[in-house]
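Listed below, chain by chain, are the residues.
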Amino acid sequence: MDTKVLSSGIQYSNLPESYIRPESERPRLSEVSVCEDVPIIDLGTQDRTQIVHQIGEACRSYGFFQVINHGVALEAVKEMAEVAHGFFKLPVEEKLKLYSEDPSKTMRLSTSFNVNKEKVHNWRDYLRLHCYPLDKYVPEWPSNPPSFKETVAKYCKEVRELGFRIQEYISESLGLEKDYIKNVLGEQGQHMAVNYYPPCPEPELTYGLPGHTDPNALTILLQDLQVPGLQVLKEGKWLAVSPQPDAFVINIGDQLQALSNGLYKSVWHRAVVNTDKPRLSVASFLCPNDEALISPAKPLTEDESGAIYRGFTYAEYYKKFWSRNLDQEHCLELFKNK
């Protein structure tokens, strides 16, 4: 492949060799059914007790849920999707100015997951942005499309507020003070991955992203309404999550699984691709402060099993996560009390 990114306008009639998964690791798309009972939680209702209860149930049983009436302006969401499409439609020379394979860069366009380390690549390009504090990071963001910085900054602010509200509900659902999680995580970082999955000639041979859990605390995902592609693992089966209008998918990340002493599941999920249409998704991540000490909340360790995980800093966890392949065993396994 002579170009570093897939969003180059080149149409492939066959999947290049470096994207083909070994037989045993393919997505087996014909075996995937639709997840019929994805929890959809209406945050617009006045009944806080009901919201807290529904979120607790969803975190225990699924590790993810969708939220509607979430308070993020629908106009901001629509503009975010438009400017993301606009970015990936830019000429390839323009995009390549932002290309980097260095995961420590706070703004970069890249492809796959960790191009230098992995044996098989994933069928995706992504723009990775750090989003907090905005005044620190916005200056390095793309200047094209011209409305990019302003649109994305507005979206980031609103999504951050939503994330904090959800963390309060999650705290309460565990029987903790509503600020418990926020206090433990410290001044939270915020990142974004704007994912672009071009049409793929042989989707059954590859992934947009293989199965993985998120290393952060909470993920707020804007799905492409026209083109589904998100799948989650429930009771050993991969299920497709149909996009809901005006909804976000909320994922529990590894840090909340550790804080909840394993009561809440950091869900395994993956992105599949299709032959006909490009798919776009925008994942926003809330991350503990690097110095935050993550360990199971004391009140949740009082039964006979005690604390499942040892204490660790987020910096220690994140370093370990990025030094592995995406689809290896769950990184949290390495932090279990022996």
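Rules and cut-offs
- Residues numbered from 1 in each chain as written.
- Predicted model: local features only at pLDDT ≥ 70, side-chain atom pairs only at ≥ 80, totals over all residues.
- Heavy atoms only, no water.
- UniProt positions renumbered as here; feature names shortened; annotations may be inferred.
- Helix = DSSP H or I, 4+ residues; strand = E, 2+ residues; numbered from the N terminus.
- Rg over C-alpha atoms; globule rule 2.2 N^0.38 Å.
- Buried < 20%, exposed > 50% of the residue type's maximum accessible area, 1.4 Å probe, protein only.
- Contact = heavy atoms within 4.5 Å.
- Areas by Shrake-Rupley, 256 points an atom, 1.4 Å probe, with all protein chains shown as cover.
- Lys, Arg positive; Asp, Glu negative; His and termini not counted.
- Charge placed at Lys NZ, Arg CZ, Asp CG, Glu CD.
- Pairing = 2+ DSSP bridges.
- Salt bridge = Lys/Arg side-chain N within 4 Å of Asp/Glu carboxyl O.
- Polar contact = N/O pair within 3.5 Å; in protein donor to acceptor, adjacent residues only side chain to side chain.

Where an unreviewed UniProt entry is consulted, the protein appears under the name Fe2OG dioxygenase domain-containing protein, with the organism given as Canavalia gladiata. Heading Cofactor (unreviewed entry) of the UniProt record for the protein holds this comment: "L-ascorbate". A UniProt comment under Sequence similarities (unreviewed entry) is attached to the protein, and it reads "Belongs to the iron/ascorbate-dependent oxidoreductase family."

Could you give an account of the overall build of the protein, naming the residues involved and the relevant values?
Of regular secondary structure, the protein possesses 8 helices and 15 strands. By the compact-globule yardstick of 20 Å for 338 residues, the protein fits well, its C-alpha radius of gyration being 19 Å. Dimensions along the principal axes, computed over C-alpha positions, put the protein at roughly 55 × 45 × 35 Å. Every one of the 338 residues in the protein was classed for burial, and the buried ones make up 56%. Partitioning the intrachain contacts of the protein with sequence separation of at least 6 by distance along the chain shows that 76% fall at a separation of at least 24. Accessible surface computed for the protein: about 15,000 Å², of which carbon and sulfur atoms make up 49%. Placing the 37 positive and 46 negative side-chain charges of the protein at their respective mean positions leaves the two points 4 Å apart.

If you had to explain the pairing of strand E8 (residues 218-222) to someone new, which residues and values would you point to?
Where a strand is regular, its side chains alternate between the two sheet faces. In terms of residue burial, E8 counts as a mostly covered element, since 5 of its 5 residues are buried. Burial along E8 is two-sided: the residues Leu218, Ile220 and Leu222 and Thr219 and Leu221 are all buried. Relative to strand E11 (residues 248-252), E8 runs antiparallel, the two sharing 4 bridges. The partner of Leu218 across the bridge, within E11, is Ile252. The pairing of E8 with strand E13 (residues 279-287) spans 5 bridges and is classified as antiparallel. Note on E13: the bridge partner recorded for Leu222 is Val282.

Could you give an account of unusual backbone geometry, naming the residues involved and the relevant values?
At the junction of Tyr132 and Pro133, the peptide bond is cis and its omega measures out at -5° in the coordinates. Position of Pro133 relative to the elements: it lies in the loop between strand E5 (125-130) and helix H4 (134-137). With an omega of -10°, the peptide bond between Asn144 and Pro145 qualifies as cis. Here Pro145 is to be found in the loop between H4 and helix H5 (148-173). Phi angles above zero are rare outside glycine, and Ser112 is one such case at about 60°. If you trace the backbone, Ser112 turns up in the loop between strand E4 (107-111) and E5. Judged by its relative accessible area of 1%, Ser112 is buried.

An account of the side chain of Asp214 is needed here, citing residue identities and associated values.
Following the sequence through the fold, Asp214 ends up in the loop between strand E7 (209-212) and E8. Lacking a salt bridge, the buried Asp214 has Arg128 as its closest oppositely charged neighbour, with an N-O distance of 8.1 Å. A polar side-chain atom of Asp214 sits 2.8 Å from a polar atom in the side chain of Thr219. Dropping the residues within four chain positions of it, Asp214 is found in contact with Thr219, Asn251, Gly253, Asp254, Ser266, His269 and Phe285.

Quick one: what's the story with the pattern of salt bridges, residue by residue and with numbers?
Considering all chains together, one arrives at 13 salt bridges under this definition. In this structure, Arg21 engages Glu25 in a salt bridge whose closest nitrogen and oxygen atoms are separated by 3.4 Å. The class of Glu25 is partly exposed, set by a relative accessible area of 35%. Note that Lys182 is salt-bridged to Glu168, the shortest N-O span being 3.6 Å. Placement of Lys182 in helix H6 (residues 180-185) and of Glu168 in helix H5 is noted, with a sequence separation of 14 residues between them.

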